[in-house]
Amino acid sequence: MEDLMEPIRTLVDFKNGVIHPDRVIERRISDMQGMYADDDALNQLLSIDNRLVYQVKEVSIPEKEGHIIYSTTIIYPGKVGKEYFMTKGHFHAKENTAEIYFCLSGEGYLLMQTRQGKVSTIYMQPGVLGYIPPYWGHRTINTGSREFVFLTLFPGDAGHNYEIIQKHGFAKIMVEENGKPVLKDNPRYIPLKNG
Ligand code: S6P
Ligand code: ZN
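This is a predicted model, so every value here is computed, not measured.

**A short note on the sheet that holds strand β8 (residues 99–105)**
And step 1. A sheet is described by the order of its strands in space; here six strands give the open sequence β3-β4-β5-β13-β8-β11, paired in antiparallel fashion. The open sheet is flanked by β3 (23–28) and β11 (129–132), the only strands paired with a single partner. Strand-to-strand, the axes of this sheet are offset by a mean angle of 20 degrees, without reference to chain direction.
And step 2. The pairing of β8 with β11 spans four bridges and is antiparallel. Each residue of the ladder has a partner; that of E99, found in β11, is I132.

**Remarks on the nonpolar core**
And step 1. Counting residues in each nonpolar core, the largest one holds 34 residues, and the members touching the most others are I29, M32, Y36, V53, V80 and F85.
And step 2. Secondary-structure elements contributing two or more residues to this core are α1 (39–48), β4 (52–58), β8, β9 (108–113), β13 (148–155) and α2 (163–168).
And step 3. Here this core takes four residues from β9, the largest share from any one element.
And step 4. Setting aside residues up to four positions removed in sequence, Y36 forms contacts with L42, V53, V80, E83, Y84, F85, M86 and R188.
And step 5. With seven residues, the next largest nonpolar core counts V18, Y70, F154 and A158 among its residues.

**Details of the coordination of the zinc ion (ligand 2)**
Each angle at a metal carrying four tetrahedral donors should ideally be 109.5 degrees, and each at a metal carrying six octahedral donors should ideally be 90 or 180 degrees.
And step 1. Coordination of the zinc ion (ligand 2) by the protein is provided by H90 (NE2), H92 (NE2), E99 (OE) and H138 (NE2), with metal-donor distances spanning 2.1 to 2.3 Å.
And step 2. Of note is the zinc ion (ligand 2), whose six donor atoms meet at the metal with angles of 72 to 175 degrees in an arrangement that counts as octahedral.

**What about empty space enclosed by the protein?**
And step 1. Inspection of the entire model under this criterion finds one cavity of 30 Å³ or more.
And step 2. Approximately 40 Å³ is the volume found for the largest cavity.
And step 3. Lining the largest cavity are F91, H92, E95, T97, A98, E99, I132, P133, Y135, W136, G137 and H138.
And step 4. The class makeup of the residues in the lining of the largest cavity is six nonpolar, four polar and two charged.

**What to know about the packing of aromatic side chains**
And step 1. Considering all chains together, one arrives at three aromatic pairs under this definition.
And step 2. Ring centres 4.9 Å apart and planes at 15 degrees place the aromatic pair Y101 and F150 in the stacked group. You can see Y101 sitting in strand β8 and its partner F150 sitting in strand β13, a full 49 residues away along the chain.
And step 3. Given a relative accessible area of 5%, Y101 falls into the buried group.
And step 4. On the basis of relative accessibility, which here comes to 1%, the residue F150 falls in the buried class.
And step 5. Both rings, one in Y109 and one in Y123, keep their centres 5.3 Å apart while their planes meet at 50 degrees; by these two values the pair is tilted. Linking Y109 in strand β9 with Y123 in strand β10 (residues 119–124), this pair joins segments that are 14 residues apart in sequence.
And step 6. Site record: aromatic cluster; members linked through ring pairs are Y101, F148 and F150.

Criteria and cut-off values
- Note on numbering: residues in each chain are counted from 1, in written sequence order.
- Chains and ligands are labelled by the order in which they are written, letters from A for the one and numbers from 1 for the other.
- It should be noted that, the model being predicted, local features are given only for residues of pLDDT at least 70 and side-chain atom pairs only at 80 or more, the latter also being counted only at that level, while totals for whole chains, interfaces and linings use all residues.
- Each side-chain value is worked out from all heavy atoms of the structure, with water and hydrogens disregarded.
- Paired strands, as defined in this entry, are two strands with at least two bridges between them according to DSSP.
- Secondary structure elements are taken from DSSP: a helix is a run of H or I of four residues or more, a strand is a run of E of two residues or more, and numbering for both begins at the N terminus.
- In this analysis, axes come from line fits to C-alpha atoms, helices being fitted only over the stretch in contact, and the angle between any two N-to-C directions falls in the range 0 to 180 degrees.
- What is meant by a nonpolar core is a set of buried Ala, Val, Leu, Ile, Met, Phe, Trp, Tyr and Cys residues, joined one to another through side-chain atoms within 4.5 Å.
- Partly exposed describes any residue whose relative accessible area lies between the buried limit of under 20% and the exposed limit of over 50%, with all areas from a 1.4 Å probe on protein chains only and scaled to the type maximum.
- Contact between two residues is taken to exist if any of their heavy atoms lie within 4.5 Å; hydrogens are not considered.
- Note that water is not among the atoms considered, so a metal site may appear incomplete; the donors listed are N, O and S atoms within 2.8 Å of the metal, with 3.2 Å applied to Na, K and Ca.
- In short, tetrahedral needs four donors with all angles between 85 and 135 degrees, square planar needs four and octahedral six donors with opposite donors over 155 degrees apart and all other angles between 65 and 115, and whatever is left is irregular.
- In this analysis the probe radius is 1.4 Å and the grid spacing 1 Å, with only protein atoms considered; a cavity is a set of points the probe fits into but cannot get out of, a pocket is an open set with protein on both sides within 12 Å along at least five of seven lines, and lining residues have an atom within 4 Å of a point.
- Grid points are joined across faces, edges and corners, and a volume is the space filled by probe spheres set on the points.
- Here the nonpolar group is Ala, Val, Leu, Ile, Met, Phe, Trp, Tyr, Cys and Pro; Asp, Glu, Lys and Arg are the charged ones; every other residue, Gly included, is treated as polar.
- Stacked, edge-to-face and tilted labels apply to pairs of Phe, Tyr and Trp rings (six-membered ring for Trp) whose centres lie within 6.5 Å, assigned for plane angles under 30 degrees, over 60, and everything in between, in that order.

So, in structure tokens, the structure goes:
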């Protein structure tokens, strides 16, 4: 019983996410360089204000097999050019691990992609649970006019691999056209050679 841990009670607010997080990760426009199709639009925004794009509120859970890590993400409303504010996106380092996203408020899309470039999306609104099976890279996009807030749960030993998305991007991007979100081919996408 050397690993016996005390149970944890966490208060989660539907608008603000985890109320007393152990750690808050902030991603601003400057952290998102190279991730949007329109570099000029990003640099222009950056010259005005290095706005907060999203925040992850984490609870300290051991990053070990057997545990379930949970956190909430808030993506603020906004766009870089025509592209909506979004997370960086990643694969899990241990790729055969799944994840659950549960929308608490706002709206947006869960964009998923395999190494082979197969794409899938789930429209998220309060009450929608999105299941990300093993082997799917994932990113979330706020297509609404308010904060998009969701809870995530994933295996303790999943880990994160940001490199693939940073180098190759997602095959699709979500842009606003005539006031509506539209999924388009990403001009910056570089397919992986061997999947
Ligand atoms: C972790 C999970 C989420 C994201 C968060 C931010 O496996 O998928 O908690 O970390 O939504 O996204 P990203 O891509 O910057 O980690
Ligand atoms: Zn994940």
